[in-house]
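# Topology and contacts: notes
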Amino acid sequence: MNTQAISLQTMASPHARAANSVSVVMLKVMAALVPATAYAFYLFGSPAFWLWAITIAASMAGEAACLRLAGKPVKAVLYDGSAILTGWLLAVSLPPWAPWWIGVVGGLFATTLGKQAFGGIGNNLFNPAMIARIMLLVSFPVQMTHWVVPAGAPSLFDGLRITLGQMPVPDAMTSASLLGWAKTDMARGIDLLHTHLPGHVFDWNGARVGSLGETSVWLIALGGIALLYMRVISWHIPVTMLIGLAVPAALGHAADPARFMDMSTHLLSGGAMLGAFFIATDYVTSPSSRAGQIIFGLGCGLLTWVIRTYGGYPEGVAFAVLLMNALTPAIDRLIKPRVYGRTMGGKPISLKGETK
Amino acid sequence: MGIRELLTGVGWGVHPHNDHKRPAADVPLRVMPTPAKLCIPLLQHVGAPAKPLVAVGDRVLRGQLIAAAQGNVSAPVHAPTSGLVAAIGEVTAPHPSGLPFAAITIETDGLDESVSFKTVEDPFSLTPDEISQRIAEAGIVGLGGATFPSAPKAQLGRKHSVHTLIINGGECEPYLSSDDSIMRERADDVIDGVRILMHAVGASKAKVGIEDNKPEAIAAMRKAAQDFAQIEICPVPARYPMGSDRQLVQVLTGKEVPSGARTATIGLLVNNVSTCAAIHHAVRHGEPLYRRIVTVNGGAVAQPGNVLAPIGVLVEDLLAFAGLKSEPARLVMGGPMMGVALPHAQVPTVKGCGGILALTAEEITVVPPSPCIRCGSCVKACPMGLVPLELSAQIHAGEYDTADAMGLDDCLACGCCAYVCPSQMPLVQTFSHAKGEIWRRAQQKKRSEFTKQLAQARQERLEREARERVEAAARRKAQRAAQQAAAAADNNTPSEGAGA
């Protein structure tokens with residue numbers, strides 16, 4: 001061809017880009033959530049599916065409404081997948097048979113006040129799914145602690161009626177979660193050595209009472225490992241968060257087993273695993289340096305243990321993550337990687353001892 | 001520390017799944033036939049532009065000096081072939097702006113007549129100063145792309161008593177393989193150049209760093225260096241930007257170059273393998289630098305590969321030689337990570353140009369940027385330990401001083417951050433803008449301080465003059481008074497005397 005005819009628009013380097021985008025990142029996280037979510041649908045039946053779908057729809061509707069109000073492109077931003085993921089993460093942290101309006105209120109809250117009010121993706125201080133979960137827990141404690149025993153999945157249509165509140169949930173199907181049970185017994189003066197837990201609270205394979213997608217810890221951990229393998233997340237936050245929870249739990253249990261739950265109970269129950277791999281690792285609300293991430297993870301784990309052990313609520317993951325989210329700007333300000341050729345303080349490194 | 005860092009010792013940088021070096025790197029070196037026209041730019045190096053020594057209409061020969069170095073840091077320019085000087089004036093520079101710069105245009109005559117070159121049998125009998133002089137006369141500059149004149153660099157090395165030469169065969173930029181090609185095909189020349197440079201600098205050993213994705217080059221260089229114990233061939237992990245002097249020094253010696261200092265301050269001098277080969281040709285054969293190996297590559301190129309081309313060849317002629325199979329969406333001089341986009345193909349190549357890329361639309365996928373999601377990919381990728389996302393946020397907020405304090409000046413503009421960014425943010429562009437803005441503000445401050453000084457000096461002068469005027473007037477008045485008094489005294493004295 002005629003090389004003289006070439007006339008081009010110029011741009012700054014680099015002229016190559018890794019095949020990565022925000023929507024690819026979001027899709028990978030969603031893919032990692034699929035096993036645990038699908039298993040939850042199997043365990044808790046169609047009400048869980050309906051709640052999941054409603055929460056995601058509400059989360060997307062909230063995002064779309066805010067974008068329209070702000071005069072920003074609606075379609076392009078919705079397609080990045082972050083609103084879907086926010087809704088998904090909120091849904092898996094809800095009681096599986098919660099009524100439809102829990103999903104609607106939570107989903108709308110997460111993306112409007114939790115995210116768009118701060119300026120949209122990348123600007124929110126707190127994890128939108130967790131702030132919505134906490135809002136729901138504080139505002140609607142009855143519905144948010146109404147757990148069902150995974151047994152007998154209703155049909156798709158009956159499930160929808162349960163979610164829509166047209167069909168009452170029989171009392172025989174409800175139960176407290178392990179953490180809730182332990183907290184109640186302790187409050188009644190029954191120590192952990194004498195409490196009698198029904199079998200369905202600690203089936204570590206997932207067939208137990210708990211939040212929609214939090215019960216099957218192994219599938220969540222599998223998804224987390226997939227995220228590590230795909231390099232979506234690094235080990236720093238999940239590993240340190242689990243260590244931050246495990247170490248005080250082990251020490252406490254060794255000192256007084258009647259007062260403190262053991263390490264594996266702490267690690268395997270509630271939202272610990274989901275929090276470590278999917279919640280605390282949220283890019284926007286966690287520190288960007290590796291050292292900062294280690295501090296953040298340890299803080300999340302430790303605070304979870306403190307809240308579970310001494311707090312008024314049986315579960316502490318969401319509170320712990322939000323507290324550490326609030327510290328993230330400070331961590332990022334104080335802890336930065338050392339610049340090449342400079343000391344930690346930012347001064348050029350000294351030449352003494354460097355010349356032969 | 002990540003898992004990769006544990007395994008390889010290198011935690012920074014990026015490595016594309018497909019570095020596009022092959023098949024171009026495996027094609028045997030081709031020699032480009034002399035084109036009809038050559039444009040030899042006068043500024044192909046860091047420093048002052050060369051001064052033309054020829055006039056329009058003069059006949060020049062291959063290797064003839066056509067423009068002389070001006071000042072301490074500069075380099076002369078030589079004719080790549082014989083022909084007539086058609087013009088001395090402005091041509092489009094290889095820069096995205098498309099602005100012109102001065103060049104000597106030669107219409108070649110196809111005879112390729114050469115001046116006679118002064119060969120040297122034993123370069124090691126020359127003094128270091130004589131070698132430096134020959135390097136300077138040959139117009140050799142850093143061929144890795146930095147284009148710092150090699151002779152003053154060698155002098156700098158001697159002044160700092162450099163003990164080890166670091167020879168850069170990293171060639172970490174994707175697509176490029178000109179250094180690979182010279183190491184495969186001219187390994188003996190490279191090693192000879194290394195030995196000559198060691199002699200010129202006074203270094204006792206040399207370490208040649210070659211990325212481990214070039215096994216052929218490593219083998220060829222090992223063979224060429226086997227008789228010289230003081231030259232060590234060191235394979236290094238293929239990780240961009242391994243070819244950056246600071247990163248290569250860190251990997252090969254474990255030392256860090258202090259921020260703002262040159263590598264010579266820690267007893268090391270970094271030179272590129274192609275520069276070493278040019279030094280061999282200049283010192284041993286008296287041949288100036290008038291041609292080099294250029295990689296012509298990219299999805300739009302029909303026959304990608306390495307081409308020995310005269311310096312000053314127009315990009316359009318180079319592309320016509322390699323052939324285009326489709327319309328390129330972008331032309332790049334240099335590699336895809338740090339190279340400059342060209343406005344069109346009527347620009348000359350320069351000494352520092354190791355590659356011309358004709359990239360297709362698929363290769364440069366332009367996606368509009370979206371907001372930062374703080375994923376930290378850029379933090380992990382930055383070879384300098386900076387926090388690009390934070391720098392970018394500060395710059396966008398207009399906080400240039402904060403960005404400066406966070407180490408913006410340490411940024412290499414290597415492009416790793418922008419390469420990995422999932423939001424496609426134009427990070428390098430942001431940083432270049434900010435560096436320019438900070439420079440402009442510093443200049444402005446300097447200027448206003450100078451103006452202030454001038455104004456102050458003027459004020460002081462006016463005050464002094466006014467004071468002096470008042471003083472002079474007072475003096476004159478006092479003088480007059482004294483004179484009057486004296487006169488009065490003169491007048492009075494006799495009468496007084498008379499009265500007495």
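In this text, all values refer to a predicted model and were calculated from it rather than measured experimentally. For every chain, the first residue of its written sequence is number 1, and the numbers climb from 1 along that sequence. All chains are assigned letters beginning with A, and all ligands numbers beginning with 1, in the order in which they are written. Totals for whole chains, interfaces and linings use every residue, but because this is a predicted model, local features are given only for residues with pLDDT of at least 70 and side-chain atom pairs only at 80 or more, for both listing and counting.

### Let's talk about the overall build of chain B
Only DSSP runs of H or I reaching four residues or more are called helices, and only runs of E reaching two or more are called strands; each is numbered from the N terminus. For chain B, the helix and strand inventory stands at 14 helices and 17 strands. Taking 500 residues into account, the globule formula puts the C-alpha radius of gyration at 23 Å, and chain B, at 31 Å, lies well above it. Its C-alpha atoms give chain B principal-axis dimensions of roughly 125 × 60 × 50 Å. Neighbour counting defines burial: a residue surrounded by 20 or more other C-beta atoms within 10 Å of its own C-beta is buried, one with 12 or fewer is exposed, and intermediate counts give partly exposed, using backbone-placed C-beta atoms. In chain B, which comprises 500 residues, the proportion classed as buried is 52%. Placing C-beta atoms from the backbone, we regard two residues as in contact once those atoms come within 7 Å. For chain B, the proportion of contacts with a sequence separation of at least 24, taken over those separated by at least 6, is 72%. Here the globule rule is a power law, 2.2 Å times the number of residues to the power 0.38, and the radius of gyration is based on C-alpha atoms.

### Structural notes on the overall build of chain A
Assigned secondary structure in chain A consists of 15 helices and two strands. Computed over its C-alpha atoms, the radius of gyration of chain A comes to 23 Å, within 12% of the 21 Å expected for a compact globule of 356 residues. Split into buried and exposed, the 356 residues of chain A put 50% on the buried side. Taking the contacts inside chain A whose residues are at least 6 apart along the sequence as the reference set, 74% of them involve residues at least 24 apart.

### Points about the interface of chain B and chain A
Note: interface size is frequently given as the accessible area lost on complex formation between the parts. In this assembly, 65 residues from chain B lie in contact with 42 residues from chain A. Just so you know the grouping, Ala, Val, Leu, Ile, Met, Phe, Trp, Tyr, Cys and Pro go in nonpolar, Asp, Glu, Lys and Arg go in charged, and all remaining residues, Gly too, go in polar. The class makeup of the residues in the side of chain B that touches chain A is 38 nonpolar, 19 polar and eight charged.

### Quick look at the sheet that holds strand E5 (residues 65-68) of chain B
Residues and elements named next belong to chain B. One open sheet holds the three strands; their spatial order is E3-E5-E6, and the pairing between them is antiparallel. Because the sheet does not close on itself, it has two edges, and the strands there are strand E3 (51-52) and strand E6 (77-78). Direction of pairing for E5 relative to E6: antiparallel, over a ladder of two bridges. Opposite Ala67, over in E6, you have Val77 as the bridge partner. When DSSP locates at least two bridges between a pair of strands, those strands are taken to pair.

### A short note on the environment of B:Thr105
Position of B:Thr105 among the secondary structure elements: in strand E8 (residues 100-108). Those residues within four positions of B:Thr105 in sequence are excluded, and the remaining contacts are B:Lys37, B:Cys39, B:Ala86 and B:Ala87.

### A few points about helix H7 (residues 245-253) of chain B
Residue and element names in this part refer to chain B. Counting buried positions along H7 yields seven of nine residues, so the element is predominantly enclosed. Residues of H7 that are buried include every one of Asp245, Arg246, Gln247, Leu248, Val249, Gln250 and Leu252, and no others. Structurally, H7 contributes buried residues whose contacts are with strand E9 (164-169), strand E10 (205-211), strand E11 (231-236) and strand E12 (268-272). Where H7 terminates, the next one or two residues include Gly254, which has phi positive at roughly 75°.

### A look at the pairing of strand E14 (residues 305-310) of chain B
Residue and element names in this part refer to chain B. As judged from the two bridges shared by strand E1 (residues 30-31) and E14, these two strands associate in the parallel manner. Bridged to Val31 within E14 is Leu308. Note that strand E13 (residues 291-297) and E14 share six bridges and pair antiparallel. Across the sheet, residue Thr295 finds its bridge partner in E14, namely Asn306.

### Here we look at the environment of A:Val104
Residue and element names in this part refer to chain A. Considering the arrangement of structural elements, one finds Val104 in helix H5 (residues 100-112). Counting along the chain gives 47 residues from Val104 to Ala57, while the straight-line C-alpha distance between them is 8.0 Å. What Val104 contacts, discounting residues up to four positions off in sequence, is Ile54 and Ala58.

### Quick word on the confidence of the model for chain B
Residue and element names in this part refer to chain B. Note: pLDDT gives the predictor's confidence per residue, expressed from 0 to 100. Of all residues in chain B, 96% attain a pLDDT of 70 or more, and the chain-wide mean is 92. Counting interchain partners and residues more than four positions distant, the pLDDT-below-50 stretch residues 496-500 has zero contacts. Interface predicted TM-score (ipTM) for the complex: 0.88; the corresponding pTM is 0.88.

### Some remarks on the sheet that holds E8(B)
Residues and elements named next belong to chain B. As summarised here, the arrangement of the four strands in space is E2-E8-E7-E4, forming an open sheet in which the pairing is antiparallel. With one partner strand each, in any of the chains shown, strand E2 (37-41) and strand E4 (59-60) form the two edges of the open sheet. Summarising the sheet, E2 and E8 pair through five bridges and their orientation is antiparallel. Within E8, the residue paired with Cys39 across the bridge is Thr105.

### Remarks on the pairing of E11(B)
With six bridges joining them, E10(B) and E11(B) adopt parallel strand pairing. Within the sheet, the bridge partner assigned to B:Ile210 lies in E11(B) and is B:Pro235.

### Quick notes on the packing of helix H2 (residues 128-137) of chain B against helix H3 (residues 150-159) of chain B
All names here are of chain B. The angle between two axes is taken between their N-to-C directions and runs from 0 to 180 degrees, where each axis is a line fitted to C-alpha atoms and a helix contributes only its stretch in contact. Interhelical geometry of H2 versus H3 gives an angle of 155° and a closest axis separation of 8 Å. When the interaxial angle is binned, H2 and H3 end up roughly antiparallel. Contact residues: H2 offers Pro128, Ser132, Ile135 and Ala136, while H3 offers Ser150, Ala151, Ala154, Gln155 and Arg158. Looking at side-chain class alone, the contact of H2 with H3 contains five nonpolar, three polar and one charged residues. Roughly parallel means an angle under 35 degrees; roughly antiparallel, over 145; roughly perpendicular, 65 to 115; everything else is oblique.

### So, the packing of helix H14 (residues 290-310) of chain A against helix H15 (residues 317-334) of chain A
Residue and element names in this part refer to chain A. At a minimum axis distance of 8 Å, the contact between H14 and H15 shows a crossing angle of 150°. With respect to H15, the element H14 is oriented roughly antiparallel. The handedness of the crossing between H14 and H15 is right-handed. Only Val317, Phe319, Ala320, Val321, Leu323, Met324, Leu327, Thr328, Ile331 and Asp332 of H15 make contact with H14, whose side of the interface consists of Gly292, Ile295, Phe296, Gly299, Cys300, Leu303, Thr304 and Ile307. Of the residues assigned to the contact of H14 with H15, the class counts are 13 nonpolar, four polar and one charged. Working rule for handedness: look at the near helix, and if it is turned counterclockwise from the far one by less than a right angle, call the crossing left-handed; if clockwise, right-handed.

### Considerations on the environment of B:Pro100
Residues and elements named next belong to chain B. Residue placement: Pro100 occurs in strand E8. On the basis of neighbour counts, which here come to 13 C-beta atoms within 10 Å, the residue Pro100 falls in the partly exposed class. The spacing of Pro100 and Gly89 is 11 residues in sequence and 9.2 Å in space, taken between C-alpha atoms. With residues up to four places along the chain from it excluded, the contact list for Pro100 reads Glu90, Val91, Thr92 and Ala93.

### Re unusual backbone geometry
Going from A:Ser13 to A:Pro14, the amide bond is cis rather than trans, its omega being -5°. Relative to the helices and strands, A:Pro14 is located in the segment before helix H1 (22-44).

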